[in-house]
Amino acid sequence: MRITVFGAAGSAGSRIVNEALSRGHQVSAVVRNKSSLENLPPTADKYQGDASIVEDVIKLSLGQDIVIAATRPPEGQEQELLTITRALLTGLSQTKVRLLALGGAGSLSVSDKENTLVVDDTRYVSPAWRDIAIACVNQYNIYKGNSDVRWAYLSPAAILMPGKRTEKFRLGKDILLTDQHGKSQISIEDLAVALIDEAEQNNFPQQRFTLAY
């Protein structure tokens, strides 16, 4: 497959790029800052581009099979996530390329509290993370209202951390997955596995899915 990854030098994006390359895919790795180009794998096609600019989205998605959005705005600029989401959807509505978006856990439902989202449960979202969690809820709502682009949206576990690539995780859809101790976590390496699995298999068209151990 020909895969474009926006946010390719980030914590999640870099692992997504490596996972795709390890499976033999042709990867166009896109970073916003030119200085980050040197951090990309030598076997990736390297580009400077901005997912919040519609023209860049169009240019870097033409001829591709799928675009993966793994961008994350810096603290204090959380609303930029919505600008990026709208730009991606606008650009890809023209090129007709599939979109796989890495979002947040905030919009998932909590299984043991009726009508409660993760964003409103302090067990999973501390005050320090609430702004980005709210932005991710709004991001997902934008996707839910879009029918022009073939999208899928990944809400990860509540805790996303560097770790091992095990390929041993559970998938779900709209409810936060937790273990027997109430913890919800996944390694970034296994998140990359799930994203590239979805890129290859297209199991969740126009849907959100989640994963956890």
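In this text, all values refer to a predicted model and were calculated from it rather than measured experimentally.

As a further point, take the nonpolar core. In terms of nonpolar packing, the biggest core is built from 37 residues, with Val5, Ile16, Val17 and Leu100 touching the most fellow members. Of all the secondary structure elements, the ones that give two or more residues to this core are strand 1 (2-6), helix 1 (11-22), strand 2 (26-31), strand 4 (66-69), strand 5 (98-102), strand 6 (151-155), helix 5 (188-201) and strand 10 (207-212). The biggest single contributor to this core is helix 5, with 8 residues. Filtering out sequence-adjacent residues up to four positions away, Leu100 remains in contact with Ile66, Val67, Ile68, Ala69, Ala152, Leu195, Glu198, Ala199 and Phe209. Among the nonpolar cores identified, the runner-up in size contains 25 residues, and Val30, Ile84, Leu89 and Tyr143 belong to it.

Residue pairs spaced three or four apart in an α-helix point in one direction, given the helix's 3.6 residues per turn. Across its 14 residues, helix 5 extends 20 Å between first and last C-alpha, which sits within 8% of the 20 Å expected from 1.5 Å per residue. When you tally the buried positions in helix 5, you get 11 out of 14 residues, the bulk of the element. Taken residue by residue, helix 5 has Ile188, Glu189, Asp190, Leu191, Ala192, Val193, Ala194, Leu195, Ile196, Glu198 and Ala199 as its buried positions. Once helix 5 ends, the next one or two residues include Asn202, with phi positive near 50°.

Orientation of helix 1 relative to helix 5, taken along the N-to-C sense of each, is 55°, at an axis distance of 8 Å. With respect to each other, helix 1 and helix 5 are oriented oblique. In the packing of helix 1 onto helix 5, the handedness of the crossing is right-handed. In this structure, helix 1 uses Ser11, Ala12, Arg15, Ile16, Glu19 and Ala20 to contact helix 5, whose residues at the interface are Ile188, Glu189, Ala192, Val193, Leu195 and Ile196.

Counted by the stated rule, this structure contains 1 cavity of 30 Å³ or more. Considering only enclosed or pocket space, the largest cavity measures out at about 40 Å³ in volume. In this structure, the largest cavity is lined by Ala69, Thr71, Leu81, Ile84, Leu88, Ala101, Leu102, Gln139 and Tyr143. When contributions to the lining of the largest cavity are tallied by element, the ones reaching two or more residues are helix 3 (80-95), strand 5 and helix 4 (130-144). A total of 3 residues in the lining of the largest cavity trace back to one element, the largest contributor, which is helix 3. Partitioning the lining of the largest cavity into residue classes produces 7 nonpolar, 2 polar and no charged.

Considering all chains together, one arrives at 4 aromatic pairs under this definition. When the centroid spacing of 5.1 Å and the interplanar angle of 40° are considered together, the rings of Tyr140 and Tyr153 count as tilted. Note that Tyr140 is positioned in helix 4 and Tyr153 in strand 6, a separation of 13 residues in sequence. Judged by relative accessible area, which is 8%, Tyr140 ranks as buried. Between the aromatic rings of Tyr143 and Tyr153, the centroid separation amounts to 5.5 Å while the plane-to-plane angle is 50°, which identifies the pairing as tilted. One end of the pair, Tyr143, is in helix 4; the other, Tyr153, is in strand 6, with 10 residues separating them in the sequence. Residue classification places Tyr143 among the buried positions, given a relative accessible area of 0%. Residue class for Tyr153 comes out buried when judged on its relative accessible area of 0%. In this structure an aromatic cluster arises from ring pairing among Tyr140, Tyr143, Trp151 and Tyr153.

There is about 970 Å³ of room inside the largest pocket. What lines the largest pocket is a set of 40 residues, and nearest its centre among them are Ala70, Thr71, Arg72, Pro73 and Ile132. Only helix 1, strand 2, helix 3, helix 4 and strand 7 (159-161) provide two or more residues apiece to the lining of the largest pocket. Looking at the lining of the largest pocket, the element that brings in the most residues is helix 4, giving 3 residues. Along the lines of polarity and charge, the residues of the lining of the largest pocket split into 26 nonpolar, 10 polar and 4 charged. Quantified by volume, the second largest pocket comes out at close to 180 Å³. Grouping the constituent residues of the lining of the second largest pocket by class yields 5 nonpolar, no polar and 4 charged.

Rules of the game
Residues numbered from 1 in each chain as written. Predicted model: local features only at pLDDT ≥ 70, side-chain atom pairs only at ≥ 80, totals over all residues. Heavy atoms only, no water. Core = buried A, V, L, I, M, F, W, Y, C linked by side-chain atoms within 4.5 Å. Buried < 20%, exposed > 50% of the residue type's maximum accessible area, 1.4 Å probe, protein only. Helix = DSSP H or I, 4+ residues; strand = E, 2+ residues; numbered from the N terminus. Contact = heavy atoms within 4.5 Å. Expected span 1.5 Å × (residues − 1). Axes fitted to C-alpha atoms, helices over the stretch in contact; angles between N-to-C directions. Parallel < 35°, antiparallel > 145°, perpendicular 65-115°, else oblique. Left-handed = near helix turned anticlockwise from the far one by under 90°. 1 Å grid on protein atoms, 1.4 Å probe; cavity = no way out; pocket = protein on both sides within 12 Å on 5 of 7 lines; lining within 4 Å. Points joined across faces, edges and corners; volume = space filled by probe spheres on them. Nonpolar A, V, L, I, M, F, W, Y, C, P; charged D, E, K, R; others polar. Phe/Tyr/Trp six-rings, centres within 6.5 Å; stacked < 30°, edge-to-face > 60°.

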